[in-house]
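# Inside the fold
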Amino acid sequence: MEEQKIGSLRFRIDFSQPLYEQILDQVRSAIAKGEIELGAKMPSVRELALELRMNPNTVMRAYQELERDGLTEKRRGQGTYVTSSSERVQSFRTELASKYMDSFMEQMASLGISLAEIQGYLNRNYRNGEGGTR
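Predicted, not measured: the structure shown is a model, and the values here were computed from it. (Residues numbered from 1 in each chain as written. Predicted model: local features only at pLDDT ≥ 70, side-chain atom pairs only at ≥ 80, totals over all residues. Heavy atoms only, no water.)

The next subject is helix α1 (residues 19–33). With 15 residues, α1 extends 21 Å from end C-alpha to end C-alpha; this agrees with the ideal 21 Å at 1.5 Å per step. Buried within α1 are the following residues: Tyr 20, Gln 22, Ile 23, Leu 24, Val 27, Arg 28, Ala 30, Ile 31 and Ala 32. For α1, the secondary structure elements touched by its buried residues are β2 (9–12), α2 (45–52), α3 (56–69), β3 (72–75), β4 (79–82) and α4 (86–110). Of the residues one or two after α1, Gly 34 is the one with positive phi, at around 80 degrees. (Helix = DSSP H or I, 4+ residues; strand = E, 2+ residues; numbered from the N terminus. Expected span 1.5 Å × (residues − 1). Buried < 20%, exposed > 50% of the residue type's maximum accessible area, 1.4 Å probe, protein only. Contact = heavy atoms within 4.5 Å.)

See the structure below:
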């Protein structure tokens, strides 16, 4: 699985996984992390599909979902752009973090790990440079 750079976007596509979800997740993540500037022009559906060697309908589906999320917007005759709303991106980051935390806490609970143990693991990993931003 090699990384492909298309415009300001980077993709790692695994053809054994649903392609639409990979595009969606990777673009969402890039926007949330600030790897794509607010207001930046996205590659056209056709351009992205051609570069990633996939059906344009797959890319279109991911772009439609990004627009529903409020992370991108279509401009008639100009293409698709990342939202210019930092508030919307921050709100999405908060939603995403909450979703990841819920999943993490459910997994820890299924292992029978207490909150105190979780805090210990987090503190240890953070001190060892394994947590936080890299």
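Next comes the rest of the write-up.
The residue Thr 80 is located in strand β4 in this model. In this structure, Thr 80 is in contact with Ala 40, Lys 41, Met 42, Tyr 63, Thr 72, Glu 73 and Lys 74, ignoring residues within four places of it in sequence.

Throughout the structure, instances matching the rule amount to 7 salt bridges. In this structure, Arg 88 engages Glu 95 in a salt bridge whose closest nitrogen and oxygen atoms are separated by 3.3 Å. Several salt bridges converge on common partners, so that one network encompasses Asp 25, Arg 28, Glu 65, Arg 68 and Asp 69. (Salt bridge = Lys/Arg side-chain N within 4 Å of Asp/Glu carboxyl O.)

Once that is clear, we can look at the layout of surface pockets. If you roll a probe as big as a water molecule over the atoms, it shows you where there is empty space left. Considered as a void within the structure, the largest pocket measures approximately 320 Å³ in volume. Lining the largest pocket we find Ser 29, Ala 32, Lys 33, Arg 93, Leu 96, Ala 97 and Tyr 100. Put simply, the parts of the chain that give the lining of the largest pocket at least two residues each are α1 and α4. It is α4 that provides the largest number of residues to the lining of the largest pocket, a total of 4 residues. Taken as a whole, the second largest pocket holds about 210 Å³ of empty space. Every residue lining the second largest pocket is counted, 13 residues in all, and those nearest its centre are Arg 10, Phe 11, Gln 26, Ala 30 and Glu 35. Secondary structure elements with two or more residues in the lining of the second largest pocket: β2 and α1. Among the elements that take part in the lining of the second largest pocket, α1 stands out by supplying 5 residues, more than any other. When the residues that make up the lining of the second largest pocket are grouped by side-chain class, the tally is 5 nonpolar, 3 polar and 5 charged. (1 Å grid on protein atoms, 1.4 Å probe; cavity = no way out; pocket = protein on both sides within 12 Å on 5 of 7 lines; lining within 4 Å. Points joined across faces, edges and corners; volume = space filled by probe spheres on them. Nonpolar A, V, L, I, M, F, W, Y, C, P; charged D, E, K, R; others polar.)

This part takes up the packing of α1 against α4. Remark: α1 packs on α4, axes separated minimally by 9 Å, with the N-to-C direction vectors making an angle of 115 degrees. Crossing hand, α1 versus α4: left-handed. Contact residues: Arg 28, Ile 31, Ala 32 and Lys 33 in α1; Val 89, Phe 92, Arg 93 and Leu 96 in α4. Residues that form the contact of α1 with α4 fall into these classes: 5 nonpolar, no polar and 3 charged. (Axes fitted to C-alpha atoms, helices over the stretch in contact; angles between N-to-C directions. Left-handed = near helix turned anticlockwise from the far one by under 90°.)

What follows concerns the environment of Glu 87. Along the chain, the position of Glu 87 falls in helix α4. Its relative accessible area of 59% is what places Glu 87 among the exposed residues. Spatially, the C-alpha atoms of Glu 87 and Asp 69 are 13 Å apart, while their sequence positions differ by 18 residues.

From the geometry alone we can't say anything about function, so treat these as descriptive.
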